[in-house]
Amino acid sequence: MNAEILCVGTELLLGGTVNTNATYLSKGLAAIGVSVYHHSVVGDNPQRLKDSLNLALSRADLVILTGGLGPTYDDLTKEMVAEYFHREMQLHEESLQRITEYFHKIGREMTENNKKQALMPKGAVVFQNNHGTAPGLAVEEHGKMAILLPGPPREMQPMFDEEVLPFLQKRSHVVFVSQNIHIFGMGESKVESILKPLMLESLNPTVAPYAKDGEVMLRVTASARDEQTAHAMTKPMVEKICGILGDVVYGVDIGDLQTAAVKKLKELGLKVATSESCTGGFVSKRLTEVPGSSAVFECGVCSYANRIKEQVLGVCKETLEQYGAVSRQTAQEMAQGVRKLAGADIGISTTGIAGPDGGTKEKPVGLVYVGVDSAWYSDVIELHLSRGRVNERDLIRYLAASHALDQILKACKAYEKRQGTLEPQR
């Protein structure tokens, strides 16, 4: 079965609302073996909606529409679908009762136009909405199917997960299972050049690369009649790829660098502290995005001013005068200072020039030093993160923070090698 996702709503075209529904639906459909070939967006206009629906159903077996199920005059998704399938609209009594009970529960008056949400194309399968008033529905005929879901993600997502997926799984004979290999420190072109023969030869499972800011993700996907078999097919391929790429792989199905760092710190019983200049707290922000990070992170110092580097972190005045704030030596002393200040096992520092101003020939925009200090592993890396783009300040800060998180993982790996011969020092 192949599908198209058609999102309805003028607000999506105006840019006022981010279309997260298409991404969510695509992931869910892929998990049950439904291939999505097209994403489309159309405004709340009857003729354009009709044209988009006709096009979508001309090239897909299944079209999932989100939005346009509300009570107002411009909510016309159901009407257009009913017209396409030549179905008359009928009142669905159970939906009307649920809508009435919903308004009673929240203590608001139910206006007459809300009854419109209980009108359904004849013969439709109705999906209950436990988080709002607009029910979803499915209409199927002559090998074509349209599924209609409410637009707000807080209503759409649970309806899709709880009702639509089981509904579709009964019609699918193939299950897809994917595992994601997360890579940092090697570019997409390099990864592909190493793995290209493997990617071309492997048809089931398949191996596909996806580039992110400073990272690469490899998705290994297998199809089979059941989840257990498909997972057994991905596992050997994942192990093979990890063996080929080595240390640039920071995790499988781990999500992101900060999650990997917090997970590894927890496993080893270690704590980290951060001292940040150019990243302005970005490293600590990403660490604390991870639930449970308080077990491994207690202190972060945002030391933009040299005075703070000296007075709080203990960076030598002579170091700052001789080498400058953006230097290997300062990064090293910042990492040492924050580790001592926090009583942590690992200290991390960032100092650099994020731009757009402040760069010189000797120290250009994008120059960043990331320091790591511990009793068993210390290092300072020099980075040149400018890509020659306009307004790349946020990108430079993000990439610098990513390298800092990667240095945490490197320190953890070094600790694992020496575990049993060296106790953490605080």
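Refer to the structure printed above.
Given the structure is predicted, the values throughout are model-derived calculations rather than measurements.

Note that strand β10 (residues 206-212) and strand β11 (residues 215-224) share seven bridges and pair antiparallel. Bridge pairing in β11 links Ala211 to Val216. Between β10 and β11, which pair antiparallel and follow one another directly, the connecting turn spans two residues, one of which, Gly214, has a positive phi of 80°.

Of the consecutive residues Asn204 and Pro205, the connecting peptide bond is found in the cis state with omega at 15°. As for its position among the elements, Pro205 is in the loop between α7 (188-201) and β10. The residue after Gly355, namely Pro356, is reached through a cis peptide bond having omega 5°. Locating Pro356 in the fold gives a position in the loop between β15 (346-352) and β16 (367-373). Residues other than glycine seldom take positive phi values, yet His142 does so here, at roughly 55°. Tracing the backbone through its elements, the reader meets His142 in the loop between β7 (136-141) and β8 (144-149).

Turning to the nonpolar core, a few remarks are in order. Judged by nonpolar contacts, the single largest core of 42 residues is most densely connected at Leu265, Leu270, Val272, Leu287, Ile346, Val368 and Ile408. Among the elements of the structure, α9 (257-268), α10 (282-288), β15, β16, β17 (379-384) and α14 (393-418) are those that each provide at least two residues to this core. When residues in this core are grouped by element, the largest group, 13 residues, is from α14.

Time to look at the environment of Asp247. If you trace the backbone, Asp247 turns up in the loop between α8 (227-245) and β12 (249-252). Considering only alpha carbons, one finds Asp247 and Ser95, 152 residues apart in sequence, at a separation of 55 Å.

Another point: α7. With 14 residues, α7 should cover 20 Å at 1.5 Å per step; its first-to-last C-alpha distance of 19 Å lies within 8% of that length. At Leu195, α7 shows its largest kink, close to 65°, and the proline Pro197 lies no more than four residues downstream. For α7, the complete set of buried residues consists of Val191, Leu195, Leu198 and Met199.

Here the focus is the packing of aromatic side chains. What the rule picks out here adds up to six aromatic pairs. Arranged with centres 5.5 Å apart and planes meeting at 75°, the rings of Phe127 and Phe167 form a pair that is edge-to-face. Taken together, the positions of Phe127 in strand β6 (residues 125-127) and Phe167 in helix α6 (residues 153-169) put the pair 40 residues apart, joining distant regions of the chain. Taken individually, Phe127 and Phe167 each receive the classification buried, so the pair is uniform in this respect. Residues Trp376 and Tyr415 carry aromatic rings whose centres are separated by 4.8 Å and whose planes lie at 55° to one another, so their mutual orientation is tilted. Taken together, the residues span a long stretch of sequence, with Trp376 in the loop between β16 and β17 and Tyr415 in helix α14 at a distance of 39 residues. The exposure classification of Trp376 matches that of Tyr415, with both residues buried. Across the ring face of Phe167, the terminal group of Arg171 is positioned such that the distance to the ring centre comes to 4.0 Å. Lying across the ring of Tyr210, Arg219 places its NZ or CZ 5.0 Å from the centre.

Attention shifts here to the sheet that holds β8. With mixed pairing, six strands are arranged side by side in an open sheet as β2-β1-β3-β8-β7-β6. Among the strands making up the open sheet, the edge pair consists of β2 (35-42) and β6. Between one strand axis and the next, the sheet turns by 15° as a mean value, whatever way the strands run. Where β7 and β8 come together, five bridges link them in antiparallel fashion. Within β8, the residue paired with Glu141 across the bridge is Lys144. Where α6 meets the sheet, it contacts β3 (62-66), β6, β7 and β8, and its direction lies at approximately 155° from that of β8.

Rules and cut-offs
- Residues numbered from 1 in each chain as written.
- Predicted model: local features only at pLDDT ≥ 70, side-chain atom pairs only at ≥ 80, totals over all residues.
- Heavy atoms only, no water.
- Pairing = 2+ DSSP bridges.
- Helix = DSSP H or I, 4+ residues; strand = E, 2+ residues; numbered from the N terminus.
- Core = buried A, V, L, I, M, F, W, Y, C linked by side-chain atoms within 4.5 Å.
- Buried < 20%, exposed > 50% of the residue type's maximum accessible area, 1.4 Å probe, protein only.
- Expected span 1.5 Å × (residues − 1).
- Bend = angle between axes of the 7 residues up to and from the residue.
- Phe/Tyr/Trp six-rings, centres within 6.5 Å; stacked < 30°, edge-to-face > 60°.
- Lys NZ or Arg CZ within 6 Å of the ring centre and 35° of its normal.
- Axes fitted to C-alpha atoms, helices over the stretch in contact; angles between N-to-C directions.
- Contact = heavy atoms within 4.5 Å.

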